[in-house]
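Read off the chains here:
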Amino acid sequence: MKNIKSVLGLAAFAAIAGTTLIAPSVFAWGDSAGGRSTYTIDQINGGAIDNKIVLNSISDNPNIGNELYFVQAREDGTNNLWNPNEMTVEDGKTYVIRMYVHNNNPYGEEKVAKDVKANFVIPQESASALKISGTVTSSNATPNKVWDEVTLKGSSNFHLNYIPGSARIESNGKVNGTTLSDDLVYTGVTLGYDSLNGEIPGCFGYTAIVSFKVKAVYDYDFSVEKKVRVIGGEKGWFDQVYAKVGDTVEYKITYKNTSNTTEKDVQILELLGTDLEYIAGSTMLYNGGNKNGVKIESDNLTVKGKGINIGDYAAGATGTVTFRAKVVESKKLGCGADNVLRSWAQGYIGANDTMKQDYADVLVHPSCPETPDTPSTPVTPSTPVTPSNPTVLPETGAGSIAATIVGAGSLATSAGAYLASRKKRF
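Bear in mind that the values here come from a model prediction, so they are computed numbers and not experimental data.

Caption draft 1: The arrangement of the overall build of the chain in detail. Helices and strands together make up the secondary structure of the chain, namely 3 helices and 24 strands. Looking at the chain residue by residue over its 426 residues, the buried ones come to 41%. For the chain, contacts bridging at least 24 residues in sequence account for 68% of all contacts bridging at least 6. Surface exposure of the chain reaches about 22,500 Å², of which carbon and sulfur atoms provide 50%.

Caption draft 2: A look at the nonpolar core. Counting residues in each nonpolar core, the largest one holds 85 residues, and the members touching the most others are Ile97, Phe120, Leu191, Phe212, Val249 and Val362. Sort the elements by how many residues they give to this core and strand S13 (residues 208–218) lands first, with 7 residues.

Caption draft 3: View of the state of the cysteines. Considering all chains together, one arrives at 1 disulfide under this definition. Residue pairing for Cys335: its cysteine sulfur links by disulfide to Cys368, the two sulfurs lying 2.1 Å apart. Measuring handedness by torsion sign, the sulfur bridge of Cys335 and Cys368 sits at about 95 degrees and is right-handed. Here Cys368 lies in the loop between strand S24 (354–364) and helix H2 (398–403) and Cys335 lies in the loop between strand S22 (318–327) and strand S23 (339–349), a separation of 33 residues in the sequence. Its relative accessible area of 42% is what places Cys368 among the partly exposed residues.

Caption draft 4: How the structure looks around the pattern of salt bridges. For the structure shown, the criterion picks out 14 salt bridges. Residues Arg229 and Glu250 are paired through a salt bridge, measuring 2.9 Å at the closest nitrogen-oxygen approach. With Arg229 in strand S14 (residues 222–230) and Glu250 in strand S16 (residues 248–257), this pair connects stretches of sequence that are 21 residues apart. In this structure, Arg324 engages Glu250 in a salt bridge whose closest nitrogen and oxygen atoms are separated by 3.7 Å.

Caption draft 5: Spotlight on unusual backbone geometry. Between Thr142 and the following residue, Pro143, the backbone shows a cis peptide bond with an omega angle of -10 degrees. With respect to the helices and strands, the residue Pro143 is situated in the loop between strand S7 (127–137) and strand S8 (145–162). Backbone geometry at Cys203 places phi at a positive 95 degrees, although glycine is not the residue there. Tracing the sequence through the fold places Cys203 in the loop between strand S12 (200–201) and S13. Among the residues examined, Cys203 registers a relative accessible area of 15% and is labelled buried. Its identity as a non-glycine residue notwithstanding, Asp265 has a phi of 55 degrees, on the positive side. Here Asp265 lies in strand S17 (residues 263–271).

Caption draft 6: Structural view of the sheet that holds S23. One open sheet holds the 5 strands; their spatial order is S15-S24-S23-S17-S21, and the pairing between them is mixed. Both edges of this open sheet fall to strand S15 (240–243) and strand S21 (308–313), since each of them pairs with a single strand only. For this sheet the average axis-to-axis angle between neighbouring strands, irrespective of direction, equals 25 degrees. Both S23 and S24 contribute to a ladder of 11 bridges, which runs antiparallel. Following the sheet pairing, Gln346 is matched in S24 by Gln357.

Caption draft 7: Layout of the environment of Asn197. Note on placement: Asn197 falls in the loop between strand S11 (189–190) and S12. A relative accessible area of 39% places Asn197 in the partly exposed class. Distance from Asn197 to Lys117, taken between C-alpha atoms, is 9.7 Å for residues 80 residues apart in sequence. Dropping the residues within four chain positions of it, Asn197 is found in contact with Thr190, Leu191 and Gly192. Within the structure, Asn197 has its side chain in polar contact with the backbone nitrogen of Glu199 (distance 3.0 Å).

Caption draft 8: Quick peek at the pairing of S16. Where burial is concerned, most of S16 is hidden: 7 out of the 10 residues are buried. Where S14 meets S16, 9 bridges bridge the pair, whose relative direction is antiparallel. Of the residues in S16, the one forming a bridge with Lys227 is Lys252. Relative to S22, S16 runs antiparallel, the two sharing 9 bridges. The residue bridging Thr248 from the neighbouring strand is Lys326, located in S22.

Caption draft 9: Layout of the environment of Tyr206. Residue position: Tyr206 is located in the loop between S12 and S13. For Tyr206, a relative accessible area of 18% gives the class buried. For Tyr206, the side chain forms a polar contact with the side chain of Glu109, separated by 3.3 Å.

Caption draft 10: Spotlight on the packing of aromatic side chains. Evaluation of the coordinates by the stated rule reveals 10 aromatic pairs. Each ring, one from Phe120 and one from Phe212, has its centre 4.7 Å from the other, and the planes form 65 degrees; the classification is edge-to-face. Of this pair, Phe120 sits in strand S6 (residues 117–121) while Phe212 sits in strand S13, and the two are 92 residues apart along the sequence. The same class applies to Phe120 and to Phe212, which are both buried. Each ring, one from Tyr218 and one from Tyr220, has its centre 6.0 Å from the other, and the planes form 35 degrees; the classification is tilted. With a relative accessible area of 5%, Tyr218 lands in the buried category.

Caption draft 11: Expanded view of the side chain of Thr207. Structurally, the position occupied by Thr207 is in the loop between S12 and S13. Taking relative accessible area as the criterion, Thr207 reaches 0% and is therefore assigned buried. A polar atom in the side chain of Thr207 sits 2.9 Å from the backbone oxygen of Phe204.

Reading guide: rules and limits
- Sequence positions are assigned chain by chain, starting from 1 and proceeding in written order.
- Confidence filtering applies because this is a predicted model: local features only for residues at pLDDT of at least 70, side-chain atom pairs given and counted only at 80 or more, and all residues used for totals across whole chains, interfaces and linings.
- Note that water and hydrogens are dropped before the side-chain values are worked out from all heavy atoms of the structure.
- A run of H or I in DSSP becomes a helix once it reaches four residues, and a run of E becomes a strand once it reaches two; helices and strands are each numbered from the N terminus.
- The rule is simple: take the accessible area with a 1.4 Å probe, protein chains only, and divide by the maximum for that residue type; under 20% is buried, over 50% is exposed, in between is partly exposed.
- By definition in these notes, contact holds between two residues if any of their heavy atoms fall within 4.5 Å.
- Per-residue and other accessible areas follow the Shrake-Rupley method at a 1.4 Å probe size, with only the shown protein chains counted as cover for residues.
- Among buried residues, the Ala, Val, Leu, Ile, Met, Phe, Trp, Tyr and Cys ones that are joined through side-chain atoms within 4.5 Å form a nonpolar core.
- Count a disulfide wherever a pair of cysteine sulfur atoms falls within 2.5 Å.
- Only one rule defines a salt bridge in this text: a Lys or Arg side-chain nitrogen within 4 Å of an Asp or Glu carboxyl oxygen.
- Any two strands with at least two DSSP-identified bridges between them are counted as paired.
- Between N-to-C directions, angles span 0 to 180 degrees; the directions come from axes that are lines fitted to C-alpha atoms, helices contributing only their stretch in contact.
- Polar contact criterion, stated in full: a pair of N or O atoms within 3.5 Å, where within protein one must be able to donate a hydrogen and the other to accept it, and residues adjacent in sequence count only if both atoms are side-chain atoms.
- Centres within 6.5 Å make a pair out of two Phe, Tyr or Trp rings, where for Trp the six-membered ring is used; the pair is then stacked when the planes are under 30 degrees apart, edge-to-face when over 60, and tilted otherwise.

Following this line, the structure appears as structure tokens:
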């Protein structure tokens, strides 16, 4: 019989000796047998498990301590000790969750665990404490399913965002460093040693470590309200106001902490609307420490991707930012109708950028200029037709004169012209 030895050197924990049977309801771990036995290295070397395939049941593993607690966590990018039970997480930070997978049989490739799969469950809800559970299964192991969990705690409610593409496996075999499918945190993935074929031989040298990353995102509770007024106009603050091109308007953005905990690094960003021009140096901050207001030297309030940091706020506290803008000329403003110049204020909390927003409107109603009447085009008279000399002279007798009396002046004038022409011809 081969003596099993530690091959994968990781963070060591205190060894726990003795064979025990612990009810899973007391601790985070469990299995399909309702509570499996644990063994010391000496007991396994002495034949305690015979030819059985047993997963994660050594109580004095020099690499991780008790293998019952095989799901562990620590902050990403650190060399901190792995936490097998619980740890406190900070807003916006990333954490590595790992699973230690060990076929405890000492006979190496003579006793291979078959169809080995790993699966994690990340809670989808928000809470001040969240448990991530991990399960390992093998078709020929006794028991064939084992699980464990680690608890992440926050100072207020938070949720966890899985980092896509972060799943990987570490091993002394050819699979070392392989990126695993994101199915690790859904339906599960198949593990292995020389390949991801589901086969893991017994003993320390064939151990696999499966890990992935999550980001802790605190669920901040706060409100953001925005109002506007015209300088020199009606007193008070409004959701919308009427203004003219050239007017100066002032905005008020109010943040309120509606949670029961302190919210740190509150950021305010203004998305100023079209046809509104920020007035440099006009930003003021009012809060419990600055009741009369303090001028913000930076003009980053309206700079996309920046904004301003207005500090930390205890439960129920508020902070108010005011600034001014000018309504400017624009060819985009239509006349004879309300032009809505809408601006958004956004509040961000913490490293994870939890955001809420509100808007206020400036309405501009330019008058349309009067359009002068277009003069009508004069009609060009046609070339007059020169009358030809009549071939038959009109009758000038009494009957003819009587018949033309109804025509009055015009006919009389014609008659006079005719008589004059006769005088010239004869």
